[in-house]
There are 4 protein chains.
Amino acid sequence: VQRVVVFGASGYSGLELVRRLAGHPRLRVAHASSNREAGRAVSELVVEADGSLSFEPHDAVLDAVVDGDIVCLATPADTSADLAPKLLDRGARVVDLSGAFRIPDPEVFAEWYGFEHPCPERIAEAAYGLPELLPVPPSARLVANPGCYATASILAIAPLLSAGLVRDGAPIVVDGKSGTTGAGKKGSEALIFSEVGENLRPYRLTRHQHTPEIERALEMVSGRPVTVGFTAHLVPMRRGILVSAYAPAAGDVTDARLEEAYREAYRGSSNVRFSTTPPETGRVQWTNHTEVHARIDPRIDTILAFAAIDNLVKGAAGQAIQNVEALLGAERA
Amino acid sequence: VQRVVVFGASGYSGLELVRRLAGHPRLRVAHASSNREAGRAVSELVVEADGSLSFEPHDAVLDAVVDGDIVCLATPADTSADLAPKLLDRGARVVDLSGAFRIPDPEVFAEWYGFEHPCPERIAEAAYGLPELLPVPPSARLVANPGCYATASILAIAPLLSAGLVRDGAPIVVDGKSGTTGAGKKGSEALIFSEVGENLRPYRLTRHQHTPEIERALEMVSGRPVTVGFTAHLVPMRRGILVSAYAPAAGDVTDARLEEAYREAYRGSSNVRFSTTPPETGRVQWTNHTEVHARIDPRIDTILAFAAIDNLVKGAAGQAIQNVEALLGAERA
Amino acid sequence: VQRVVVFGASGYSGLELVRRLAGHPRLRVAHASSNREAGRAVSELVVEADGSLSFEPHDAVLDAVVDGDIVCLATPADTSADLAPKLLDRGARVVDLSGAFRIPDPEVFAEWYGFEHPCPERIAEAAYGLPELLPVPPSARLVANPGCYATASILAIAPLLSAGLVRDGAPIVVDGKSGTTGAGKKGSEALIFSEVGENLRPYRLTRHQHTPEIERALEMVSGRPVTVGFTAHLVPMRRGILVSAYAPAAGDVTDARLEEAYREAYRGSSNVRFSTTPPETGRVQWTNHTEVHARIDPRIDTILAFAAIDNLVKGAAGQAIQNVEALLGAERA
Amino acid sequence: VQRVVVFGASGYSGLELVRRLAGHPRLRVAHASSNREAGRAVSELVVEADGSLSFEPHDAVLDAVVDGDIVCLATPADTSADLAPKLLDRGARVVDLSGAFRIPDPEVFAEWYGFEHPCPERIAEAAYGLPELLPVPPSARLVANPGCYATASILAIAPLLSAGLVRDGAPIVVDGKSGTTGAGKKGSEALIFSEVGENLRPYRLTRHQHTPEIERALEMVSGRPVTVGFTAHLVPMRRGILVSAYAPAAGDVTDARLEEAYREAYRGSSNVRFSTTPPETGRVQWTNHTEVHARIDPRIDTILAFAAIDNLVKGAAGQAIQNVEALLGAERA
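The structure displayed is predicted, hence computed values, not measured ones.

**Structural notes on the overall build of chain A**
What chain A contains, in helices and strands, is 11 helices and 14 strands. A compact globule built from 333 residues would reach a C-alpha radius of gyration of about 20 Å, and chain A, at 19 Å, matches this within 12%. In terms of principal-axis extent, the alpha carbons of chain A reach across some 60 × 45 × 40 Å. Residues counted as buried form 66% of the 333 residues belonging to chain A.

Following this line, the structure appears as structure tokens:
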């Protein structure tokens, strides 16, 4: 059984990591860090957790990491950027759930994340790990786990690009819709139930930090330059992301051709499924599965492409565990 | 005080009509039809309703309509198409909340609504009434009240077209998101809380019947040909529509120029407001107000335009009352 | 038209006051105080508000209050206790929506509110105003507007006591269930959508401050000593309170006798209605109406009594406006 | 690996059974019956299900059951009463999730379920299986799986009775609150999101069929006669039951004594936990865990006792799997 150490274990992604690792046959949470919940039993927040596990301060957990450990960072980008080099230096392998190591160009990083990357020299060590399209090798030491919106967007769009179904050079419009856990576990007035319930709104217009991540991943998968415009919306539900992408079609594209492209792209992936009906976030909630779907709208010569995921699972903790398994040389789940 | 007769008064639009008319200084509900609730006090469903008002069968109400009445039809399109000519023949004026009289071309109607229009010769009598952009004259006898998605889409996009900010001939992508009352008050398994709660899904892909209505209204307002691709999504909330429109920009468009276009378009309209922050359906819920907003995304040279309304009020009953007031020669509310 | 001044206008009760006063034929908001939103147009938060109204700091509004004004305090209890004497000294009449003046005994107040009352000598001036059961006289200068849970509990239970249907001396169990706006507009982590959605929990067990308020009001209405045990629960919805009260029956009580007791108690009250089916908060949401209902459970010889209100309207702003109208000598709404 | 056959597999309890069995190390779904979904892949509704599993008609599955099978009936009570004898006759063991075999007295059954029991002679064969308090022996052939409200009520109240903390003969008031999946997967207008969202209501007053089940189980556990008054409420959430029970205290009861009673009762049960803070349904959602809590309210000399479960897991499928494991002689989960 492999030791896994979780930093930032009391946030939503961290709690989900602990929950899913509790039932995992080959992985075991050795330490769970949380400065604010330090000393509290983890099982008070995640009933499935091992009763003997307690939250510990970051520093104590950092000291406890040993060569051979796998560490999952469910911390903010600046904390991850600070911790990752220290952990690598201790001989641990790291799967980072933040955005700290997803953007190779430090200037692009600073533009979208709003601060200078503290260790730009380490970014090159990171492998971007989207298991169904961009799997990491077992030899990787630092894995950048994709963002939640990015995961859904890439899984929705990549098969179209790979199959040459999108008009070259045409920008792709991505309308993302997310439940509230994506905003994290923090007491912001804009996030209280009284404000979010029965409400719907776009946010962070034209500057969502997953935009360059989506473009880069799509380019890596397809080998083509891609421009994406991404707009995020907050939906009154806890878990789930639906991405609706609008891609100008290259030539005559039929629904049958679209379905074929997705089936081809995800042939070996048991947890990405082309749904013959429009996808629903409710069906993949609390699972590591993805539903994809696409249709041609011949009136505007545009492909409508969709993906539905659980933002905390496939969009965070579940995918991180896929990446941990990849580091262990395991077969794709 | 003007008599108003409401057909289909026990559906969500009908109930909202009764609710809002209950507090109206110059209008009074004389009859409320509902075959299924016939005999029941209206106040059991709408606590604000006059306690002496009971639901009556359609036929009884039809017989009670007299010359000079204004009739609001909150009935399905086929029922409205059947009732409207009879009511006009009795000397009543009609505001129809269904899609029966919104599409002048019977072939287009049949294509999108799925049945032949039963009285194509009467469609030409109908005036499409969107008060802020396409007000009806007091002399109108039959008013087609706009659809909910159509209202939000038109209010979001028309100012851009009128100001020449959209690239000629480029299709506009409209991503519509609606609460559940838009689907009506009916016991469908797909609409139960257990299926809709914590769920999000697109529906009726490429064939939503508001598509040609949006195109035509935008052409009437702007005098330009327009192509729109419309995609509907069901959101776990009861009331509210947010429309996110993506329109390729004509030349250099700035945020300031966008704001100016909306302020210009809605200068005289007290209930359409350009919000300087992203719009929220929650702020307009249970009101007849609309929030509009737009931003240029220079990376994809595309205008992001938004409108938020309450689908039952500005998207149905509230706008119908504006149209009733227009028939009375009242000032715009 | 009477000037009304609202303190604490940017909280949920304050916003609802502004919203409902915007459509009131005889009342007009002259000033709306909010330290945190000072300078912002009120219509940015309440679209129905007069566009020329802006939030002003508390101190500025205090200075602007003149003899003859009616002031509604939608402020926390300690702020209300501080402001009320100053306002009364300026010749204004005050309707306080907080708990500052609901408990006449300063020791009881301190025990349940957790702080010493700053002006115990002024409490005696306050009239507790529950319009249907304990109306205030037009001569009142300071009105204590009932709490939200208290309003529902009193309206559910008082008719039973007045009709002698409850076993003498037996404690009454009250299980209260509230939507989230009752907790106020503040960024607490325990109130975010991700924590409250799909969740249900009791809170503040055995020490909710509405307990002594309910007991005292029931004693005032019925002339009998009453003991109540109150338990609050947080429900994933924005607006609404449902109170389920369990009162041991005195002798043979029938459903018919129960209905009679309620109809008798609320004969002259157009906005409290005995529902022949179980009450629903959804039907009274966004209204000043109350639905009451009761049934005998013969197996345990206990009366089940229910009341449903909108906590922000009948439980706060709507009832405050009823009290303002009472001060003006208006008829009961 | 033990074969498990699921009848009624397309309802919410059936789907949850399939979901949880998909990840079970020693159990495997051999057949899943559903007349309405017959022919459809189970994985279209439960993404985790084995891709080769399809829904089959009841009759076909009945024919496929063999000696040694364990059958879970997630069917309505009348269907279960019809199927169980046939399955027992084929040599299968049966865990019934309906109420068909929970009430031993056919007259009591008819009174609360509204129809005559079709095979009263078989009821005596059934063992009521609540694993933590009333475990079934491995020799049982027919297990009555407890109702959802009943499970929560019994787990909340039994420790109080066993410890002698409740006043003899005093009725216990149980206020039950449930999410919507408890009402099943059916297209009833009263259950649509537009009616249930932002709404709260009691239902089936004084005649909920779990009442006699709760009384009988509490008597079996404690050996004392018990009278319970049960009131159900529908809450706008999908999953979760919170039961708030009000039990008159016997003598001086302290919070410490209460906590001791629960810790004693559930000492060996890893999935029932006394929470030191008020329980929350959100924390046990999608798990087989139960949170219990109790407090004395000295003002009314009454114990407040709570339990929170997921109605589909501990209240149905998860508990059924515990019972299946008991039949296999497995240790308590």
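**Quick look at the packing of helix α6 (residues 148-162) of chain D against helix α8 (residues 210-222) of chain D**
Residues and elements named next belong to chain D. Their axes nearest at 9 Å, the elements α6 and α8 cross at an angle of 35°. By crossing handedness, the relation of α6 to α8 is classed as right-handed. Only His210, Glu213, Ile214, Ala217, Leu218, Val221 and Ser222 of α8 make contact with α6, whose side of the interface consists of Cys148, Tyr149, Ala150, Ser153, Ile154, Ile157, Ala158, Leu161 and Ser162.

**A closer look at a negative patch on the surface**
A grouping of Asp105(A), Glu107(A), Glu111(A) and Glu116(A) is seen on the molecular surface, where their side chains present a negatively charged patch. Since its relative accessible area comes to 38%, Asp105(A) is described here as partly exposed.

**Points about the interface of chain B and chain C**
Counting from both sides, the interface comprises 15 residues of chain B and, opposite them, 15 residues of chain C. Between chain B and chain C the total buried area reaches about 1300 Å² when both faces are included, carbon and sulfur atoms providing 54% of it. Three residues, Val47(B), Arg283(B) and Trp286(B), lead the burial of chain B against chain C; their summed loss comes to 38% of the area buried on that side. The tally of links from chain B across to chain C stands at two residue pairs in polar contact (both at pLDDT 80 or more). In terms of residue class, the side of chain B that touches chain C is made up of four nonpolar, four polar and seven charged.

**A closer look at the packing of aromatic side chains**
Taken as a whole and judged by the stated rule, the model has 20 aromatic pairs over all chains. Measuring from ring centre to ring centre gives 4.8 Å for Tyr149(C) and Phe230(C), while their planes differ by 65°; the resulting arrangement is edge-to-face. Of the two residues, Tyr149(C) sits in helix α6 (residues 148-162) while Phe230(C) sits in strand β10 (residues 228-234), which places them 81 residues apart along the sequence. According to the relative accessible area criterion, Tyr149(C) is buried, its value standing at 1%. On the accessibility criterion, Phe230(C) (1% relative accessible area) is buried. Every member of this aromatic cluster is reached through a ring pair, and the members are Phe109(A), Tyr113(A) and Phe115(A). Here Arg239(B) stacks its cationic end above the ring of Trp286(B), 3.7 Å away from the centre of that ring.

**Description of the relation of the copies chain C and chain D**
Once chain C is rotated about the relating axis by 180° and shifted along it by 0.0 Å, it coincides with chain D to within an RMSD of 0.0 Å. Taken together, these values place the two copies in the relation of a two-fold axis. When C-alpha distances to the rotation axis are compared across chain C, the minimum falls at Pro236(C), with a value of 3.2 Å. Same-surface contact between copies: 100% of interface residues of chain C are shared with the interface of chain D.

**A look at the side chain of Asn323(D)**
All names here are of chain D. Inspection of the secondary structure assignment puts Asn323 in helix α11 (residues 313-327). According to the relative accessible area criterion, Asn323 is buried, its value standing at 1%. Once residues lying within four places of it in the same chain are set aside, the contact partners of Asn323 are Val95, Gly129, Pro131, Val136, Val143, Asn145 and Pro146.

**Here we look at the environment of Phe101(C)**
Residue and element names in this part refer to chain C. By the secondary structure assignment, Phe101 is in the loop between β5 (93-96) and α4 (106-113). For Phe101 and Ser80, which are 21 residues apart along the polypeptide, the C-alpha to C-alpha distance reads 8.7 Å. Dropping the residues within four chain positions of it, Phe101 is found in contact with Ser80, Ala81, Ala84, Asp96, His117, Cys119, Arg122, Ile123, Ala126, Leu142 and Ala144.

**As for the relation of the copies chain B and chain C**
Overlaying chain B on chain C yields an RMSD of 0.0 Å, the required transformation being a rotation through 180° with an accompanying axial translation of 0.0 Å. A shared binding surface is used by both copies, with 100% of the interface residues of chain B retained as interface residues in chain C.

**Let's talk about the interface of chain C and chain D**
Each partner contributes residues to the interface: chain C has 42 residues there, and chain D has 42 residues. Interface of chain C and chain D: buried area, both sides summed, is about 3800 Å²; carbon and sulfur atoms make up 61% of it. Sorting the residues of chain C by area buried against chain D places Glu198(C), Leu200(C) and Arg299(C) first, and these three jointly supply 19% of that buried surface. Where chain C touches chain D, the interface holds six salt bridges. For Glu215(D), the salt bridge identified is with Arg299(C), shortest N-O distance 2.6 Å. For the pair chain C and chain D, the number of links is 24 residue pairs in polar contact (both at pLDDT 80 or more). Put simply, the parts of the chain that give the side of chain C that touches chain D at least two residues each are β8 (172-178), β9 (201-203), α8 (210-222), β10, β11 (241-248), α10 (281-284), β13 (290-297) and β14 (302-309) of chain C.

**Notes on the sheet that holds strand β4 (residues 70-73) of chain B**
Strand pairing in a sheet relies on backbone hydrogen bonds, with the paired strands running either antiparallel or parallel. Residues and elements named next belong to chain B. Spatially, the seven strands line up as an open sheet ordered β3-β2-β1-β4-β5-β7-β6, and their pairing is parallel. The open sheet has two free edges, formed respectively by β3 (55-56) and β6 (126-128), since each of these has just one partner strand. Summarising the sheet, strand β1 (residues 2-7) and strand β2 (residues 27-33) pair through five bridges and their orientation is parallel. Bridge pairing in β2 places Arg3 opposite Arg28.

**Some remarks on the pairing of β2(B)**
All names here are of chain B. The element β2 is extensively covered by neighbouring structure, given that six of its seven residues are classed as buried. You can see the chain leave β1, run along helix α1 (residues 12-22) and come back into β2, and the turn it takes is right-handed. The pairing of β2 with β3 spans two bridges and is classified as parallel. Bridging across to β3, Ala32 finds its partner in Phe55.

**Describing the packing of helix α1 (residues 12-22) of chain D against α11(D)**
Residue and element names in this part refer to chain D. Where α1 meets α11, the closest approach of the two axes is 9 Å, and the angle between their N-to-C directions is 45°. With respect to α11, the element α1 is oriented oblique. The crossing of α1 and α11 is right-handed. Across from Ser13, Glu16, Leu17, Arg20 and Leu21 in α1, the residues of α11 making contact are Val313, Ala316, Ala317, Gly318, Ala320 and Ile321. In the contact of α1 with α11, the residues fall into seven nonpolar, two polar and two charged.

**What about the side chain of His210(A)?**
All names here are of chain A. Counting through the fold element by element, His210 comes out in helix α8 (residues 210-222). Note on His210: relative accessible area 6%, which makes it buried. Residues contacting His210, with those up to four places away along its chain left out, are Arg102, Gly147, Cys148, Tyr149 and Ala150.

**Side note on α6(C)**
Residue and element names in this part refer to chain C. Taking 1.5 Å of rise per residue, 15 residues should cover 21 Å, and α6 covers 21 Å from first to last C-alpha, within 8% of that figure. At Ile154, α6 shows its largest bend, some 30°. For α6, the tally of buried residues reaches 14 of 15 residues, placing the bulk of the element in the interior. Positive phi appears at Gly164, one or two residues downstream of α6, with a value of about 70°.

Calculation rules
Residues numbered from 1 in each chain as written. Chains lettered and ligands numbered in written order. Predicted model: local features only at pLDDT ≥ 70, side-chain atom pairs only at ≥ 80, totals over all residues. Heavy atoms only, no water. Helix = DSSP H or I, 4+ residues; strand = E, 2+ residues; numbered from the N terminus. Rg over C-alpha atoms; globule rule 2.2 N^0.38 Å. Buried < 20%, exposed > 50% of the residue type's maximum accessible area, 1.4 Å probe, protein only. Axes fitted to C-alpha atoms, helices over the stretch in contact; angles between N-to-C directions. Left-handed = near helix turned anticlockwise from the far one by under 90°. Contact = heavy atoms within 4.5 Å. Patch = residues over 30% accessible without salt bridge, like charges linked within 9 Å, V, L, I, M, F, W, Y side chains within 5 Å. Areas by Shrake-Rupley, 256 points an atom, 1.4 Å probe, with all protein chains shown as cover. Salt bridge = Lys/Arg side-chain N within 4 Å of Asp/Glu carboxyl O. Lys, Arg positive; Asp, Glu negative; His and termini not counted. Charge placed at Lys NZ, Arg CZ, Asp CG, Glu CD. Buried area = accessible area lost by both parts, 1.4 Å probe. Polar contact = N/O pair within 3.5 Å; in protein donor to acceptor, adjacent residues only side chain to side chain. Nonpolar A, V, L, I, M, F, W, Y, C, P; charged D, E, K, R; others polar. Phe/Tyr/Trp six-rings, centres within 6.5 Å; stacked < 30°, edge-to-face > 60°. Lys NZ or Arg CZ within 6 Å of the ring centre and 35° of its normal. Least-squares fit on C-alpha atoms with pLDDT ≥ 70 in both. Pairing = 2+ DSSP bridges. Right-handed = clockwise from strand over helix to strand, strands pointing away. Parallel < 35°, antiparallel > 145°, perpendicular 65-115°, else oblique. Expected span 1.5 Å × (residues − 1). Bend = angle between axes of the 7 residues up to and from the residue.

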